[in-house]
Amino acid sequence: MKLLYCLSGHPTLPCNVLKFKSTTIMLDCGLDTTSVLNFLPLPLVHSPRLSKLPSWVSKDGSLNLEKELKECAGRVFVDSQPEFCLPERELLDLSTVDVILVSNYHCFTGTVEPEEPKEIKTCISLLLFFFRLLMEELVNFMERVPKAQSATCWKNKEIQRMLPGPLKDAVDVWAWKRSYSMPEVNSALSKVQLVGYSQKVELFGAVQVSPLSSGYSLGSSNWIIQSHHEKVSYVSGSSLLTTHPQPMDQSSLKNSDVLILTGLTQMPTANPDGMLGEFCSNLAMTIRAGGNVLVPCYPSGVIYDLLECLYQFIESANLGTTPFYFISPVANSSLEFSQIFAEWLCHNKQSKVYLPEPPFPHAELIQTNKLKHYSSIHGDFSIEFRQPCVVFTGHPSLRFGDVVHFMELWGKSSLNTIIFTEPDFSYLDALAPYQPLAMKCVYCPIDTRLNFHQVSKLLKEVQPVHVVCPEQYTQPPLTQSHRSDLMLELQPPPMPYRRCSVLSLPFRRRYERVYILPELANSLVPSEIKPGVSLATVSAVLHSKDNKHTLQSVPKPPPAPLSKKRKRVLEEPPVLLAPKPLLSGAVPLEAFLATLQKHGITEVKVEETADGHILHLQAEDTLIQLEEDGTHIVCDNNEPLRTTLRDLVLRFLQKL
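Residues numbered from 1 in each chain as written. Predicted model: local features only at pLDDT ≥ 70, side-chain atom pairs only at ≥ 80, totals over all residues. Heavy atoms only, no water.

Colleague: Looking at this structure, how should I read the overall build of the protein chain?
Modeller: Within the protein chain one finds 16 helices and 33 strands. Relative to the 2.2 N^0.38 estimate, which gives 26 Å for 656 residues, the radius of gyration of the protein chain is 35 Å and therefore markedly larger than a compact globule would have. Long-range pairs, those at least 24 residues apart, make up 69% of the contacts in the protein chain with a sequence separation of at least 6. When the accessible area of the protein chain is evaluated, it comes to approximately 32,400 Å², of which 52% is carbon and sulfur surface. Each charge class in the protein chain can be summarised by its mean position, and for the 60 positive and 67 negative side chains these summaries are 4 Å apart. (Helix = DSSP H or I, 4+ residues; strand = E, 2+ residues; numbered from the N terminus. Rg over C-alpha atoms; globule rule 2.2 N^0.38 Å. Contact = heavy atoms within 4.5 Å. Areas by Shrake-Rupley, 256 points an atom, 1.4 Å probe, with all protein chains shown as cover. Lys, Arg positive; Asp, Glu negative; His and termini not counted. Charge placed at Lys NZ, Arg CZ, Asp CG, Glu CD.)

Next up, the structure:
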């Protein structure tokens, strides 16, 4: 039985568990960070505005969680350390997971509760570094602004249902957890096994897994999971656009029995090239007007494309004297290491490495002091900082990190602009705790992952037998219910899943590979049953170990001990009964009727069936069923006739 357990309801932060050929494989383990939008920001310095926010009290005054809930511009927020929504942990025993396959660095939480898997494999070596980047930055953001109080009362079901939205509608709030610590990060990453594109890794002798380039980000991959006769493809976070990663490997996805599809674009109506153009034009307009630009971002990924775009745009827009700042605890590591993993880059950038030139132009921006990077707003940055400027910093949720400081610093001026480029968060929800806000807001989400048109074309080319995908992909968005082009329409229809669902994948094991030892193979005597096809019978012992099956010769039984009285008796070898011969071939109807007639059976009524023919011997009151996979003779109380008919049938069959 092939089962798929769905532990996440977020289509771009998936977590599925595949039971396949006696192995249990987790496909991604994404951390849903959208839950942090329900919490107040963590300012780096004391914020009088946030500290003066009123506590939320229900309209009738019966509910007052003064120390836990604050109200801002009509929205209610939790005043506590932000918490994250983990994948479902009760649907199956996570300690039975044998391996985790990770498609990109946004799809790895770092820990799996209640027990960590026996072995964790990521797709390629580059991801190990970027896992550490994102996780280290997140831990740093949380630990440098700790909150002593922990809000839990609002999670009570009776209290939660009385709260206003979106807190009222939050799912599984008791399962939300605070961020991991650096010891936990180091423990998780120490279990990572590094592999490369197209490298085949055998899992317990049962299946082979192999990563393919997905074209989405540095080191991102799709996965092939296959046995000798079955193939499952996992496609997550893929892109056909020409950006900095290696192009997507499509041909290897062909001939899949099941294709599990997830991680499509979150912005199917937004063109990435158009968004880049809007980003540059709004940035230039703000700088020319004397304002500052704030770009909330992750420390890797889209920021490389933004910096490359700005490299080409700066001089033409007369922005050569404008300072660009990249602020992150891992900013230096991200910029440096992105230049050295050439094997995961597209061909054009790979060729630059061998010139030698840096594949990304941000190296030149740093050398010319147009781009400066800092670990935080303290220290050197506070000395060298000048305005107007452009600041890239995290976190895109606007709930923690250096971005909170700039929101408080620049939010009161309409000259300044915040430009959202990451598609993971609703920009309106992100800005909610900063209202009223004077600074301009521009939404330019850049998501290069596959859209519905691209994925439909891809599926037509690779032609999987079955497609499995999140439920969200089988229906139009709620806000655009008329857009049938924003959903998957396939034949046969895809199998949808949602959080906590369990799917039985629609293919069964048909064949298994069995090896035969040379000495046993030498003893076989094949018989040709038709030109080019020979068969042989074999009596052997089937030996199975580590999911590998081998036919071995039947061992001879040891001789029985002889009593004194039987010592004079010559010992004879045991007599092995020869196996009954196997029959092959088909009984031709006309020839068989002629043979019956020669033997005096003339009154035969022939009836055609779906599986062959039924011959009714009327005078003998006997039935003969001639079918593709067998012949049956129904003859009551007439053993001589049955034996004669059997011998006539055997004349047309070949014995092996």
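Here the narrative resumes.
Colleague: Just to check I follow, could you spell out the pattern of salt bridges for this structure?
Modeller: Where charged atoms of side chains with opposite charge meet at close range, the side chains can pair. Counted under the stated rule, the structure contains 17 salt bridges. For D172, the salt bridge goes to R499, with nearest N and O atoms at 3.4 Å. Here R499 lies in the loop between β21 (495-497) and β22 (502-504) and D172 lies in the loop between α3 (157-160) and α4 (182-189), a separation of 327 residues in the sequence. As a salt-bridge pair, E639 and R642 come within 2.7 Å of each other at their nearest N and O atoms. Residue E639 and its partner R642 are located together in helix α16 (residues 639-650), separated by three residues, close to a single helical turn. Taking relative accessible area as the criterion, R642 reaches 26% and is therefore assigned partly exposed. One salt-bridge network, in which partners are shared between bridges, spans E88, D172 and R499. (Salt bridge = Lys/Arg side-chain N within 4 Å of Asp/Glu carboxyl O. Buried < 20%, exposed > 50% of the residue type's maximum accessible area, 1.4 Å probe, protein only.)

Colleague: What am I meant to see in the sheet that holds strand β27 (residues 548-553) here?
Modeller: The strands that make up a sheet pair up through hydrogen bonds in the backbone, lying either parallel or antiparallel. An order of β23-β27-β26 is seen for the three strands of this open sheet, with the pairing classed as mixed. A single partner strand is all that each edge strand has here, and the edge strands are β23 (514-516) and β26 (540-545). Sheet twist, expressed as the average angle between the axes of neighbouring strands with direction ignored, equals 30°. Two strands pair when backbone bridges link them, and β26 and β27 are joined in this way by six bridges, in the antiparallel orientation. Bridge pairing links K545 to K548 in β27. (Pairing = 2+ DSSP bridges. Axes fitted to C-alpha atoms, helices over the stretch in contact; angles between N-to-C directions.)

Colleague: Looking at this structure, how should I read unusual backbone geometry?
Modeller: In terms of backbone geometry, most residues other than glycine have negative phi values and most peptide bonds are trans. Omega for the peptide link from G165 to P166 comes to 0°, which places this bond in the cis form. Mapped onto the fold, P166 is located in the loop between α3 and α4. Geometrically, the link from Q491 to P492 is a cis peptide bond, its omega value of -5° lying close to zero. The backbone of D546 shows a phi angle near 55°, a positive value even though the residue is not glycine. By the secondary structure assignment, D546 is in the loop between β26 and β27. For N637, which is not glycine, the phi torsion reads 55° and is therefore positive. Within the fold, N637 resides in the loop between β32 (630-634) and α16. Since its relative accessible area comes to 84%, N637 is described here as exposed.

Colleague: Is there a simple way to explain the environment of G612 in this structure?
Modeller: Note on placement: G612 falls in strand β30 (residues 612-617). For the pair formed by G612 and D629, sequence separation is 17 residues and the distance between their alpha carbons is 9.5 Å. Leaving out residues up to four positions away in the same chain, G612 has contacts with E607 and L626.

Colleague: Where do I start with the packing of aromatic side chains in this structure?
Modeller: We describe a pair of aromatic rings using the distance from one ring centre to the other and the angle between the two ring planes. By the definition in use, this model includes 19 aromatic pairs. Among the aromatic side chains, those forming a connected cluster through ring pairs are Y325, Y374, F381, F385, F406 and W410. (Phe/Tyr/Trp six-rings, centres within 6.5 Å; stacked < 30°, edge-to-face > 60°.)

Colleague: Can you walk me through the pairing of strand β13 (residues 258-262) in this structure?
Modeller: Look at any regular strand and the pattern is simple: side chains alternate between the two faces of the sheet. By the criterion of burial, β13 is predominantly enclosed, with five of the five residues buried. By the alternation rule, side chains of β13 split into V258, I260 and T262 and L259 and L261, which are all buried. Judged from the five bridges that link them, strand β12 (residues 231-236) and β13 form a sheet pairing that is parallel. Within β13, the residue paired with V235 across the bridge is L261.

Colleague: Is there a simple way to explain α16 in this structure?
Modeller: Note on helix geometry: an α-helix contains 3.6 residues per turn, so any two residues three or four positions apart are oriented the same way. Relative to the 16 Å expected for twelve residues at 1.5 Å per residue, α16 spans 16 Å between its end C-alpha atoms, a close match to the ideal helical length. Of all the residues in α16, the buried ones are L641, L645, L648 and V649. An end-on view of α16 places all buried positions within 100° of arc, on one side of the element. The secondary structure elements touched by the buried residues of α16 are α15 (589-598), β30, β31 (622-627) and β32. Capping the start of α16 is the job of one residue whose side-chain oxygen sits 3.2 Å from the backbone nitrogen of L641: N638. (Expected span 1.5 Å × (residues − 1). Arc of directions from axis to C-beta. Polar contact = N/O pair within 3.5 Å; in protein donor to acceptor, adjacent residues only side chain to side chain.)

Colleague: How should I be thinking about the sheet that holds strand β11 (residues 221-226) in this particular structure?
Modeller: Across the sheet, which stays open at both edges, the seven strands sit in the order β9-β10-β11-β12-β13-β20-β21 with mixed pairing between neighbours. One side of each edge strand has no neighbouring strand; the edge strands of this open sheet are β9 (201-203) and β21. The average undirected angle you get between the axes of adjacent strands in this sheet is 20°.

Colleague: What is the right way to read the side chain of K231 from this model?
Modeller: As for its placement among the helices and strands, K231 is situated in strand β12. Discounting chain neighbours no more than four positions away, the residues touching K231 are I224, I225, Q226, S252, L253, K254, N255, S256, D257 and V258.

Colleague: Any chance you could explain the pairing of strand β1 (residues 3-6) here in plain terms?
Modeller: Side chains L3 and Y5 of β1 all project onto a buried face; the interleaved residues L4 and C6 project onto the opposite face, where all are buried too. Here β1 pairs with β22 via three bridges, running antiparallel. Bridge pairing in β22 places L4 opposite L503. As paired elements, β1 and strand β2 (residues 16-20) share four bridges and run antiparallel to each other. Note that in β2 the partner of C6 across the bridge is N16.

Colleague: What's the story with the packing of α15 against α16 in this structure? I'm lost.
Modeller: When two helices pack together, their arrangement is given by the angle between their axes and by how far apart the axes lie. Running from N to C, α15 and α16 point in directions that differ by 140°, and their axes come no closer than 11 Å. One way to sum up the angle between α15 and α16 is to call them oblique. For the pair α15 and α16, the crossing hand works out as right-handed. Counting all contacts with α15, which are made through F592, T595 and L596, the residues of α16 involved are L645, L648 and V649. (Parallel < 35°, antiparallel > 145°, perpendicular 65-115°, else oblique. Left-handed = near helix turned anticlockwise from the far one by under 90°.)

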